[in-house]
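Structural description and commentary
Given next are the chains, with one letter for each unit.
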Amino acid sequence: MAERRKYKKRFCKYCEAKVDFMDYKDVGALRFSLSERYKIMPRRLTGNCKRHQDMISTVIKRARAAALVPYTVTRKTVVTAPFENLR
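Heads up: these notes are all about the structure in this document. (Residues numbered from 1 in each chain as written. Predicted model: local features only at pLDDT ≥ 70, side-chain atom pairs only at ≥ 80, totals over all residues. Heavy atoms only, no water.)

1. Concerning the overall build of the protein
Scanning the protein from terminus to terminus reveals four helices and zero strands. Expressed as a percentage of the 87 residues in the protein, the buried residues total 30%. For the protein, long-range pairs separated by at least 24 residues make up 67% of all intrachain contacts whose partners lie at least 6 apart in sequence. When the accessible surface of the protein is split by element, carbon and sulfur atoms take 53% of a total near 7,100 Å². (Helix = DSSP H or I, 4+ residues; strand = E, 2+ residues; numbered from the N terminus. Buried < 20%, exposed > 50% of the residue type's maximum accessible area, 1.4 Å probe, protein only. Contact = heavy atoms within 4.5 Å. Areas by Shrake-Rupley, 256 points an atom, 1.4 Å probe, with all protein chains shown as cover.)

See the structure below:
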């Protein structure tokens, strides 16, 4: 028999909101797709569909190039509230 899932099925919140365009300047909306070290969260954790995950990755890469979001945070520097300065 097939194994059962041990977690609940996550749904794409961008599909529910019918989002067609994401802006790289809206850094507050990107915080849900970034980890505390500013890495892009995978689809299996966020529940995004492939279309919106591709959009998010493109938008985050553009925001990084524009210096709105840092690339990564090192382990040596402790960040207490990583998304406090992103507004």
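2. Considering the pattern of salt bridges
Applying the stated criterion across every chain yields a total of two salt bridges. Across the pair Arg 51 and Asp 20 runs a salt bridge whose closest N-O atoms are separated by 3.3 Å. Of this pair, Arg 51 sits in helix 4 (residues 50–65) while Asp 20 sits in the loop between helix 1 (13–16) and helix 2 (27–30), and the two are 31 residues apart along the sequence. When its relative accessible area of 59% is taken as the criterion, Asp 20 is described as exposed. Across the salt bridge formed by Asp 54 and Lys 50, the nearest N and O atoms sit 3.0 Å from each other. Taken together, the positions of Asp 54 and Lys 50, both in helix 4 and four residues apart, correspond to about one turn of that helix. The class of Asp 54 is partly exposed, set by a relative accessible area of 38%. (Salt bridge = Lys/Arg side-chain N within 4 Å of Asp/Glu carboxyl O.)

3. Describing the nonpolar core
Core analysis: the largest hydrophobic core is formed by 14 residues, its most contacted members being Met 22 and Val 69. Among the elements of the structure, helix 2 and helix 4 are those that each provide at least two residues to this core. Filtering out sequence-adjacent residues up to four positions away, Met 22 remains in contact with Tyr 14, His 52, Met 55, Ile 56 and Val 59. (Core = buried A, V, L, I, M, F, W, Y, C linked by side-chain atoms within 4.5 Å.)

4. Remarks on the environment of Phe 32
Its place among the elements puts Phe 32 in the loop between helix 2 and helix 3 (43–46). For Phe 32 and Thr 46, which are 14 residues apart along the polypeptide, the C-alpha to C-alpha distance reads 8.2 Å. Those residues in contact with Phe 32, other than ones at most four positions away along the chain, are Lys 13 and Thr 46.

5. Some words on the side chain of Ser 33
Here Ser 33 shows up in the loop between helix 2 and helix 3. You can call Ser 33 buried: its relative accessible area is 3%. Not counting chain neighbours up to four residues away, the residues in contact with Ser 33 comprise Tyr 14, Lys 39, Ile 40, Met 41, Asn 48, Ile 56 and Ile 60.

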